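# Structure at a glance
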Amino acid sequence: MSSGSDPLDLVGAPVRALSLRNRLLAWYDRAKRDLPWRVDTDPYRVLVSEFMLQQTRVETVIPYYERWMDRWPDLRSLADATVDEVLAAWSGLGYYRRARSLHAIAVQVCEDGDGELPTTAAELQELPGIGPYTAAAVASIACGEAVPVVDGNVERVLSRLLLLDLPAGTSRTKLVREAARRLVTLRIDEDDDFVPPGTPLRPGDLNQALMELGALVCTPGEPRCLLCPWSRTCVGRRAGMASELPRKKPRKKPRRVELHAALLWRDDRFLLVQRAEGDLMSGLWELPTTDEGGTVADLERAVAELVGSEVDLGSASVHTVQHSITTRRIELHVHQLQLPPPARVAEDGDDERAGVTWIRRVDLRDFGVSSMTRKAVHGAG
Ligand code: SF4
């Protein structure tokens, strides 16, 4: 940010904001990707897509989104599903709290209301798991409310456009948010009345255009400025600093963690246990696994309790899978063993205890399991 100048100068008057908007929207109308959630901007469909897209790549989300919509095309059908069914459909997308929140929203909206989502960002934020970003995205895209949406893409694009050479933090985010607000509303001051009545503001398209520009053109690393509708105006590009912005927070190195899991077979079925309530991954099924710092002896004790007899994991075959989540790089040692009868399990595979079951490998797709569990089972010979 050059000293003495107003960092928001490029959006300092409605006419300047309008010029940026017009170029951006013309580019978006021409270049936007055909994505399944753009076919129909029904609030529920937008909500599901926004939940799935948090921390997750578009290509990964598309098949999940399409399956979800085939199965639960509206809030009522989702409210009728069980949490287990919802977690199973989410299996592999990670951050399972999102799936639980979607289900909780459906139940709340159908039980307390008319089965319709509210239409303003303020009201949407009252629902479980909806933060300011998702509320603004749904309200602007599906309901036409003129509120800005600021995600990592928008922060990158506007930091470069305005040359915000500032460390990550509140001051930079405040400037980005204000610039996005001016672009979406065309109001610099409260009393600005620049938009002639009847002219569509297209807030949802404007927000999506900013995010799309960040995803396709103003990408992390080296931006593709030659393709950018703002290349003549962009201060970051003119200063030759675009690829250095936005300044990043120094990243913490992920912590390496070693865990042990037991893959215990009885004939063609293996043992799964369900994580307890209150846990971040609660409700998901997994192999019996040690906590951080747990040993093979700890695991033997835990599985002895589960199967009702002593288990010697010393004779198990062991394979290791790697799995990274947020700040942890997990090395999971999977101890695989065929158990002799009798183990405490009914013939049909059901265990009499809640949260304990024996399943065939092909049945895994019907269970809400984490990607790490899937890797552990499929990585076994
Ligand atoms: Fe990003 Fe380049 Fe466009 Fe500036 S000109 S907004 S740096 S792509």
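The text that follows walks through the structure, step by step, so that each part is easy to find. Quantities reported herein were computed from a predicted structural model and do not represent experimental measurements. (Residues numbered from 1 in each chain as written. Predicted model: local features only at pLDDT ≥ 70, side-chain atom pairs only at ≥ 80, totals over all residues. Heavy atoms only, no water.)

## Section: the nonpolar core
Side chains that are nonpolar tend, in soluble globular proteins, to be buried together. Residues Met52, Trp68, Trp90, Leu158 and Trp230 are the most contacted members of the largest nonpolar core, which totals 78 residues. Contact partners of Leu158, with chain neighbours within four places excluded, come to Leu164, Val176, Ala179, Ala180, Leu183, Leu210 and Trp230. One finds Trp285, Leu287, Val321 and Ala380 within the second-largest nonpolar core, a separate group that totals 21 residues. (Core = buried A, V, L, I, M, F, W, Y, C linked by side-chain atoms within 4.5 Å. Buried < 20%, exposed > 50% of the residue type's maximum accessible area, 1.4 Å probe, protein only. Contact = heavy atoms within 4.5 Å.)

## Focus on the pattern of salt bridges
Within the structure shown, the criterion is met by 17 salt bridges. Between Arg360 and Asp268 there is a salt bridge, with its nearest N and O atoms 2.8 Å apart. Residue Arg360 is found in strand 6 (residues 356-360), and its partner Asp268 is found in the loop between strand 1 (255-266) and strand 2 (269-274); the two are separated by 92 residues along the sequence. Take Asp268: its relative accessible area is 39%, and that puts it in the partly exposed class. Each of the salt bridges in this network shares a partner with another, and the network as a whole consists of Asp29, Arg202 and Asp205. (Salt bridge = Lys/Arg side-chain N within 4 Å of Asp/Glu carboxyl O. Helix = DSSP H or I, 4+ residues; strand = E, 2+ residues; numbered from the N terminus.)

## With respect to the packing of aromatic side chains
With the rule as written, the count across this model stands at 5 aromatic pairs. Ring centres of Trp68 and Trp90 lie 5.6 Å apart, and the angle between their planes is 80°; this geometry places the pair in the edge-to-face category. Placement of Trp68 in helix 3 (residues 58-71) and of Trp90 in helix 5 (residues 83-90) is noted, with a sequence separation of 22 residues between them. The exposure class assigned to Trp68 is buried, which follows from its relative accessible area of 2%. For the ring pair Trp285 and Phe367, a centre distance of 5.4 Å and an interplane angle of 85° mean the geometry is edge-to-face. Pair noted here: Trp285 is in strand 3 (residues 285-286) and Phe367 is in the loop between strand 6 and helix 14 (371-378), with a separation of 82 residues, a long-range link. Comparing Trp285 with Phe367 shows no difference in burial state: the two are buried. Pairwise contacts between aromatic rings join Trp68, Trp72 and Trp90 into one cluster. Positioned over the ring face of Tyr64 is Arg67, at 4.9 Å from the centre of the ring. (Phe/Tyr/Trp six-rings, centres within 6.5 Å; stacked < 30°, edge-to-face > 60°. Lys NZ or Arg CZ within 6 Å of the ring centre and 35° of its normal.)

## Observations concerning the packing of helix 3 against helix 5
Orientation of helix 3 relative to helix 5, taken along the N-to-C sense of each, is 150°, at an axis distance of 10 Å. Relative to helix 5, the element helix 3 is oriented roughly antiparallel. Where helix 3 approaches helix 5, its residues Tyr64, Trp68 and Arg71 are matched on the opposing element by Glu85, Val86, Ala89 and Trp90. Classifying every residue of the contact of helix 3 with helix 5 by side-chain character gives 5 nonpolar, no polar and 2 charged. (Axes fitted to C-alpha atoms, helices over the stretch in contact; angles between N-to-C directions. Parallel < 35°, antiparallel > 145°, perpendicular 65-115°, else oblique. Nonpolar A, V, L, I, M, F, W, Y, C, P; charged D, E, K, R; others polar.)

## Brief notes about the side chain of Gln208
Within the element layout of this structure, Gln208 appears in helix 11 (residues 203-216). With near-sequence residues (within four places) excluded, Gln208 lies in contact with Tyr28, Arg38 and Ile141.

## Quick notes on the packing of helix 8 (residues 132-143) against helix 11
Running from amino to carboxyl end, helix 8 crosses helix 11 at an angle of 125°, the nearest separation of the two axes being 7 Å. Considering the angle they form, helix 8 stands oblique to helix 11. Facing helix 8, whose interface residues are Tyr133, Ser140 and Ile141, helix 11 presents Pro203, Gly204, Asn207, Gln208 and Met211. Looking at the contact of helix 8 with helix 11, its residues break down into 4 nonpolar, 4 polar and no charged.

## Describing the site of the ligand
In the vicinity of the ligand, the contacting residues are Arg160, Val217, Cys218, Pro223, Cys225, Cys228, Ser231, Cys234, Arg237 and Ala242. For the shell around the ligand, a count of residues per class yields 7 nonpolar, 1 polar and 2 charged. (Near = heavy atom within 4 Å.)

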